[in-house]
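# A closer look at the structure
Each chain, written out:
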Amino acid sequence: MTLTDDQKRERIARRIALELRDGYYVNLGIGMPTLVANYVPKGMDVILQSENGMLGVGPYPLESEVDPDLINAGKETVTELPGTVLGALQVDEKGTLANWAIPGKMLKGMGGAMDLVAGAKRVFIAMEHATRDNKPKILKKCSLPLTGVEVVDHIVTELAVIDVTPQGMLLRELAPDATLEQVQALTEPKLLLPAGGPKPMPV
């Protein structure tokens, strides 16, 4: 079964919503990530942010957790609660992200993604697995202007859920209408498999 563009986006947003937990503060980037708000489970207490700025101020940090870039209105250091969901043009095998510019295309600005990936505890990427002409978007090395270096933790596409680990890209889940061979053919880096193979991706 071939999915429409809308069905692909819905599948990706639904799957990311399964990662949410009570008490999470989540920044949803422009485009596909905004759809995640439609699939937050009923009764779950999650705060979603769609604008730049710090939301989700946590408690004062322990001495080992101090980050001078995270401050409150009184210029005291604070912590922040997880996480960020962004779209992407490219992600590489080390979790480096390119999501704001295509050379030769009109540019409206980079938005707040650079700030978000620098401070978020977990970064999820919501994107279609391949370009419209079936070229990989998950690469050995990004070729577009970078948003952040080694910042991505998880990639959710219509075909798979992939974790970025120090050992490489781990294929955690596989969509029921996808094959391992298909996903690997559309992914430049060699995918690692968990013991027992990837789990079925809830759709």
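These remarks concern the structure in this document. (Residues numbered from 1 in each chain as written. Predicted model: local features only at pLDDT ≥ 70, side-chain atom pairs only at ≥ 80, totals over all residues. Heavy atoms only, no water.)

Turning our eyes to something else, we now look at the overall build of the chain. A count of helices and strands for the chain gives three helices and eleven strands. For the chain, the sequential pattern of α-helices and β-strands runs α-β-β-β-β-β-α-β-β-β-β-β-α-β. The burial tally for the chain puts 43% of its 203 residues in the buried class. Sequence-distant contacts, at least 24 apart, represent 61% of the contacts inside the chain between residues at least 6 apart. With the model as given, the accessible surface of the chain reaches about 11,300 Å², and the carbon-plus-sulfur share is 54%. (Helix = DSSP H or I, 4+ residues; strand = E, 2+ residues; numbered from the N terminus. Buried < 20%, exposed > 50% of the residue type's maximum accessible area, 1.4 Å probe, protein only. Contact = heavy atoms within 4.5 Å. Areas by Shrake-Rupley, 256 points an atom, 1.4 Å probe, with all protein chains shown as cover.)

To continue, consider the sheet that holds strand β6 (residues 123-126). Strand order in the open sheet formed by eight strands is β2-β1-β3-β6-β8-β9-β10-β11, and the pairing between neighbours is mixed. On the outer flanks of this sheet lie β2 (47-49) and β11 (199-200), each paired with one strand and no other. Judged from the six bridges that link them, strand β9 (residues 160-165) and strand β10 (residues 168-174) form a sheet pairing that is antiparallel. Paired with Ala-160 across the strands is Leu-174, a residue of β10. (Pairing = 2+ DSSP bridges.)

Right, let's talk about the environment of Leu-144 for a bit. Considering the arrangement of structural elements, one finds Leu-144 in the loop between β7 (138-139) and β8 (154-156). For Leu-144, a relative accessible area of 16% gives the class buried. Once the C-alpha coordinates of Leu-144 and Asn-99 are considered, the two residues, 45 residues apart in sequence, prove to be 8.2 Å apart.

What follows is about the nonpolar core. Core analysis: the biggest nonpolar cluster contains 44 residues, and Val-91, Leu-97, Ile-125 and Ile-155 have the highest contact counts within it. Elements with a minimum of two residues in this core: α1 (5-17), β1 (25-28), β3 (84-86), α2 (113-119), β6, β8, β9 and β10. Those residues within four positions of Val-91 in sequence are excluded, and the remaining contacts are Thr-96, Leu-97, Ile-125, Met-127, Lys-137, Ile-138, Leu-139, Cys-142, Val-152, Ile-155 and Met-169. (Core = buried A, V, L, I, M, F, W, Y, C linked by side-chain atoms within 4.5 Å.)

Attention now moves to the environment of Leu-3. Assignment of secondary structure puts Leu-3 in the segment before α1. In this structure, the C-alpha to C-alpha distance between Leu-3 and Asp-177, residues 174 residues apart in sequence, is 9.6 Å. Every residue in contact with Leu-3, bar those within four places of it in the chain, is listed here: Lys-8, Arg-11, Glu-158 and Asp-177.

Overall, mixed pairing links the three strands, which are arranged β5-β4-β7 in an open sheet. Edge positions in the open sheet fall to β5 (97-98) and β7, since each of these has one partner strand only. Pairing of strand β4 (residues 90-92) with β7 involves two bridges; the strand directions are parallel. Bridge pairing in β7 links Val-91 to Ile-138.

Here we take up the pairing of β6. Each regular strand shows side chains that alternate between the opposite faces of the sheet. Going residue by residue along β6, you find Val-123 and Ile-125 tucked away on one face and Phe-124 and Ala-126 tucked away on the opposite face as well. Of the strand pairs in this sheet, β3 and β6 are connected by three bridges, and their pairing is parallel. When the bridges of β6 are listed, Leu-86 appears paired with Ile-125. Where β6 meets β8, three bridges bridge the pair, whose relative direction is parallel. Note on β8: the bridge partner recorded for Phe-124 is His-154.

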